[in-house]
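This is what each chain is made of:
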Amino acid sequence: MLKQMNGPLLKPKPQPDSVAPSPEEPSAPVPRRKIEHKSSRFADAAFRYLMLACALSVLAIVVLIVRELILSSSLARHTFGLKFFVTQVWDPVSGDFGALPFIYGTLMSSLLALILAVPLSIGVATFTTELCPLRLRGLLSYLVELLATIPSVIYGLWGMYVLVPILRQYVQPFLAKYFGWTGLFGGYQFGYSMLAAGIILAIMIIPIVTSITREVMSAVPKAQREAVLAIGATRWEMIRVGVLRNARTGIMGAIILGLGRALGETIAVTMLIGNTPQISKSLFAPGYTLASVIANEFSEATGDLYPSALVEIGLALFLITLLVNIVAQLMVWSITRGSAQRATA
Amino acid sequence: MIQSKYWWRSLQDKLMVGLATGATLVVLVPLVAIFGYLIYKGIGSLDWNFLTKIPKPVGEVGGGMANAIVGSGVILFIASLIGVPMGIGTGVYLAEFGKKRFGYLVRFTADVLNGVPSIVIGIVAWSLVVVTQKHHSALAGGVALGIMMVPIISRSTEEMLLMVPQSLREAAWGLGISQWRTTLSITLRSASSGIITAVMLSFARVAGETAPLMFTTLGNQFWNFNINHETAALPLQIYTYANSPYDDWHRQAWAGALILIILILISMSLVRMAASRGVFKGGN
């Protein structure tokens, strides 16, 4: 763009008797007119490089994150090798560390959050884009986005003093009585549990899943809806065939992006999950996640091996979220880019 | 197939529409419950001491979080010194020069950085600043939060700049104004309301972060204005108090939570008002 616009203005007209600057070097010095050009050209280059430096710094930060995680975890990686990820012992005193309970806790709580949040989010997105009166639309999206502004620590606080007592008094006895046979709802009913963490995570990821789902649903061309309605479909059939089916890649991306958020969430989960490194089938049992163990133990970790093991847990968390986010990003991109092309075509 | 059984299709339609409406109502329940309980508990716990005093010794009733509120301000200030220029610079680069392959790489990296869990960024700030300095500091927390601000600001800045019509840039170039001057005085100014919104949003997002501060700024029960020392921060203090066994500290945790959410909501609604009334509008 720069070359196109500035080129004709600044480039001297090639004169037959002088040596014309080759077209490959549009930034060759221009001696013809005022000195101002030279300085503004210098300023342009300087500005450009300054902005480039900012952009490079983003790359540098990510490289730095990877480098620090790998370097600081080297002791634990060399001591335990891959065994680190499959053993269950977590004993700082004897210096024996295994990350399996944390990996299980992270995956389980996030999965539970998705199971609770995804149907609700798709429901809300469907309601706001397709069903509700126009006047309500803005208000509803504002309210759902309000959920996203609540800091994690406040979710945790509310969870500790409101959600956990409710779970302990009403929900857990109910689930144990009627669904105890599934084996998912057995054992003591503390309140602080995988279930509590899953519920709070679900509330926390609903805004992001909803807003992206809404975006991809609105990206579906209006003609699709009209075509389905024109052959006599009901509203639901229009939504299912005309909208959801077209937006499914993007919705999948939204779900995976929500998963990425849930996997890395720290404080609220730490306050509610019970912080016990164990693997239990029951959702009433306390658990522990990768992020929580770092939050709880990192500042008190002494010696060399203990902090190193915690950094390795951080590395594992980083790699899992990286993978999940890349997949989600590609899926959201594929649909929004497609719709942008359709819009310009 | 669609022709047959109209009653079934209409029933299905009503059912699904009902479910979608129901889902919306269900989602509004925690929103109302959280805000309602927060206001109920918070207002009852808030008093003048809370805003002006520093914490009392462990277990004693009274005291406040004044040092944490100021500490959060200091940390956020350091964070924005790092995050705002880098974020806006990256956004400018992406919008004005980033149409090639390298631009896509930067965009993708920014999205990756946005998805990195905040606790991991805390570890990195710890090993970069705390380990080098050999002590915990407000600076380390500021670095962690600043890193988190960069991708949020850069992506929205880029979006805002791309919305400035190309003809505006061309008009400036046509007058012989240099590229950097055009970007600073024409493009950035026209998009300023959007960019300020982006900055405030990133501010609101990191203001409530606790995880990256836990082992960088560490927390402090006293006043501290030195950026090289441990500093109290509001979210951190709420976390500590919520987990404590003292009733008075629980009360203060609720008051702190109310203050925190009020600060966040004020900054967000200022942005909304300013953006909708066009206060910041420069050229457009």
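Residues numbered from 1 in each chain as written. Chains lettered and ligands numbered in written order. Predicted model: local features only at pLDDT ≥ 70, side-chain atom pairs only at ≥ 80, totals over all residues.

Once that is clear, we can look at the overall build of chain A. A tally of helices and strands in chain A yields 13 helices and two strands. For chain A, the proportion of its 345 residues judged to be buried stands at 44%. Considering only residue pairs separated by 6 or more positions, chain A has 74% of its internal contacts joining residues 24 or more positions apart. (Helix = DSSP H or I, 4+ residues; strand = E, 2+ residues; numbered from the N terminus. Buried ≥ 20, exposed ≤ 12 C-beta atoms within 10 Å, placed from the backbone. Contact = placed C-beta atoms within 7 Å.)

Scanning chain B from terminus to terminus reveals 11 helices and zero strands. Here the C-alpha atoms of chain B give a radius of gyration of 24 Å, more than 25% beyond the 19 Å that 2.2 N^0.38 yields for 284 residues. With respect to the principal axes defined by its C-alpha atoms, chain B has extents near 70 × 65 × 35 Å. Counting across all 284 residues of chain B, residues that qualify as buried make up 50%. Of the contacts formed within chain B by residues at least 6 apart in sequence, a portion of 74% connects residues at least 24 apart. (Rg over C-alpha atoms; globule rule 2.2 N^0.38 Å.)

Let's shift gears to the nonpolar core. All names here are of chain A. One finds Ala196, Ile200 and Leu272 to be the most contacted residues of the largest nonpolar core, which totals 180 residues. Broken down by element, this core gets its largest block of residues, 17 residues, from helix 7 (residues 194-219). Those residues in contact with Ala196 that lie beyond four places of it in its chain are Gly159, Leu163, Val164, Leu167, Gly191, Leu272 and Ile273. (Core = buried A, V, L, I, M, F, W, Y, C linked by C-beta atoms within 7 Å.)

Counting residues at the interface gives 70 residues for chain A and 71 residues for chain B. With 19 residues, the single largest contributor to the side of chain A that touches chain B is helix 2 (residues 35-72) of chain A. Partitioning the side of chain A that touches chain B into residue classes produces 46 nonpolar, 19 polar and five charged. (Nonpolar A, V, L, I, M, F, W, Y, C, P; charged D, E, K, R; others polar.)

All names here are of chain A. Per-residue pLDDT for chain A averages 85, and the proportion of residues at 70 or more is 86%. The secondary structure element of chain A with the lowest average pLDDT is helix 1 (residues 2-10), at 41, and the one with the highest is helix 11 (residues 267-272), at 95. In the model, residues 341-345 has pLDDT below 50 throughout and makes one contact with residues more than four positions away in sequence or in other chains. (pLDDT = per-residue confidence, 0-100.)

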